[in-house]
Amino acid sequence: MLKVENITKSFGNKTVLKNIDFSLKKGQIAALIGENGAGKSTLMRVISGYIISDGGIITISNIAAKDDRLAVLNKLGYVQETSALYNDMSVYEYLQFVADLRQIEPETAQERIKEVVDMLQLQTVVLQKNDTLSKGFKKRTELAAVLLFKPEVLLLDEPLEGLDPKQKNSLHRIIKQYAKDHAVLMSTHTLEDVKAIADRVILLHKGNLLFNGTLAEFKKNAKDDLYKSFTTITKNRG
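Just so it is clear, the structure is predicted and the values come from calculations on it, not from any experiment.

Draft legend 1. Examining the pairing of strand β6 (residues 76-79) more closely. Residue alternation in β6 divides its side chains into two sets, Leu76 and Tyr78 and Gly77 and Val79, and both sets are buried. Direction of pairing for β6 relative to strand β7 (residues 153-157): parallel, over a ladder of four bridges. Residue pairing in the sheet places Tyr78 in a bridge with Leu155 of β7.

Draft legend 2. Broad picture of helix α4 (residues 106-119). Along its 14 residues, α4 runs 20 Å from first to last C-alpha, staying within 8% of the 20 Å computed at 1.5 Å per residue. What α4 keeps buried is the set Ala109, Arg112, Ile113, Val116 and Val117. The arc that holds every buried residue of α4, seen down its axis, measures 135°, which confines them to one face. Facing away from the buried surface of α4 by more than 90 degrees, the exposed residues are Glu107 and Lys114. Those residues of α4 hidden inside the fold are in contact with α3 (91-101) and α5 (135-147). Gln121 sits one or two residues past α4 and shows a positive phi near 55°.

Draft legend 3. Inspection of the sheet that holds β6 at higher detail. Pairing in this open sheet of six strands is mixed, and the strands run β6-β7-β8-β3-β9-β10 from one edge to the other. Strand pairing shows two members of the sheet lacking a second neighbour, β6 and β10 (208-214), which therefore form its edges. Ignoring which end each strand starts from, the neighbouring axes of this sheet average 15° apart. Where α5 meets the sheet, its contacts fall on β6 and β7, and the angle it forms with β6 comes to roughly 170°. Of the strands in this sheet, β3 (29-33), β9 (200-205) and β10 are in contact with helix α9 (residues 226-234), which crosses β9 at around 45°.

Draft legend 4. Focus on the packing of α3 against α5. Between α3 and α5, whose axes approach to 9 Å, the crossing angle comes to 25°. Judged by the inter-axis angle, α3 sits roughly parallel to α5. Here α3 and α5 pass one another in a crossing that is right-handed. Along the contact surface, α3 presents Val91, Tyr94, Leu95 and Val98, while α5 presents Thr141, Ala144 and Ala145.

Draft legend 5. Fine view of the packing of aromatic side chains. In this structure the tally under the stated criterion is four aromatic pairs. On the numbers, 6.3 Å between centres and 55° between planes, the contact of Tyr86 with Tyr94 is tilted. The exposure class of Tyr94 is buried, given its relative accessible area of 8%. Ring centres 6.5 Å apart and planes at 35° place the aromatic pair Tyr94 and Phe97 in the tilted group. Of this pair, Tyr94 and Phe97 are both found in helix α3, three residues apart, which corresponds to roughly one turn of the helix. Its relative accessible area of 28% is what places Phe97 among the partly exposed residues. Clustering of aromatic rings is evident, with ring pairs tying together Tyr86, Tyr94 and Phe97.

Draft legend 6. Looking closely at the pattern of salt bridges. Taken as a whole, this structure holds eight salt bridges when the rule is applied. Where Asp54 meets Lys9, a salt bridge forms, and the shortest distance between an N and an O atom there is 3.8 Å. Of this pair, Asp54 sits in the loop between α1 (40-48) and β4 (55-60) while Lys9 is found in strand β1 (residues 2-11), placing the two residues 45 residues apart along the sequence. You can call Lys9 buried: its relative accessible area is 11%.

Each value, and the rule that gives it
- Residues numbered from 1 in each chain as written.
- Predicted model: local features only at pLDDT ≥ 70, side-chain atom pairs only at ≥ 80, totals over all residues.
- Heavy atoms only, no water.
- Buried < 20%, exposed > 50% of the residue type's maximum accessible area, 1.4 Å probe, protein only.
- Helix = DSSP H or I, 4+ residues; strand = E, 2+ residues; numbered from the N terminus.
- Pairing = 2+ DSSP bridges.
- Expected span 1.5 Å × (residues − 1).
- Arc of directions from axis to C-beta.
- Contact = heavy atoms within 4.5 Å.
- Axes fitted to C-alpha atoms, helices over the stretch in contact; angles between N-to-C directions.
- Parallel < 35°, antiparallel > 145°, perpendicular 65-115°, else oblique.
- Left-handed = near helix turned anticlockwise from the far one by under 90°.
- Phe/Tyr/Trp six-rings, centres within 6.5 Å; stacked < 30°, edge-to-face > 60°.
- Salt bridge = Lys/Arg side-chain N within 4 Å of Asp/Glu carboxyl O.

Structural data, given as structure tokens:
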């Protein structure tokens, strides 16, 4: 579903992505991990089309972004690390606003809004203003807005940051369910979340791709200890 080939990106004299190359299939959840400054958010923004790479190709469902950028973006959902909500809108108003932007037919839009409100358990806050929501409900609202149009590939940049264990467990279930028929790439700082949700691991370190494989293969680097696996892979790379 998603193919990333030889992606490079520099800002001035600093190269932040160096020939990044991996792919994701339907049904897979890949955790994108790495220390601060590793290039995770930059890679997400390149895949999403938010910024343009210096080189390489992004392909979704056999369509290259360089050939038909709009078609690729229509197959892609992106939840940023920082909130994209409009505070003066209610949850319902925001979802309706996004449905209009996506040009979803009115009747279909109402059906989809009800589906995502139920899926993300937003019933109790659907008429509240976004600025009154807890962090957990804000994350759910942002995810609901993206899921309205059922993207084939879902990008999640630190979607679980700052959530309590109950909120995390709820989103784990939702993301796993969605990934059954789609592909999910999720960046995270928390290795416990990797273990809970991912079946693949992509490790960036100072802009380099150091590991791309299954969670089971990642664990083998240090006898099932994810933190030790992380340090084992990165320790010789400075």
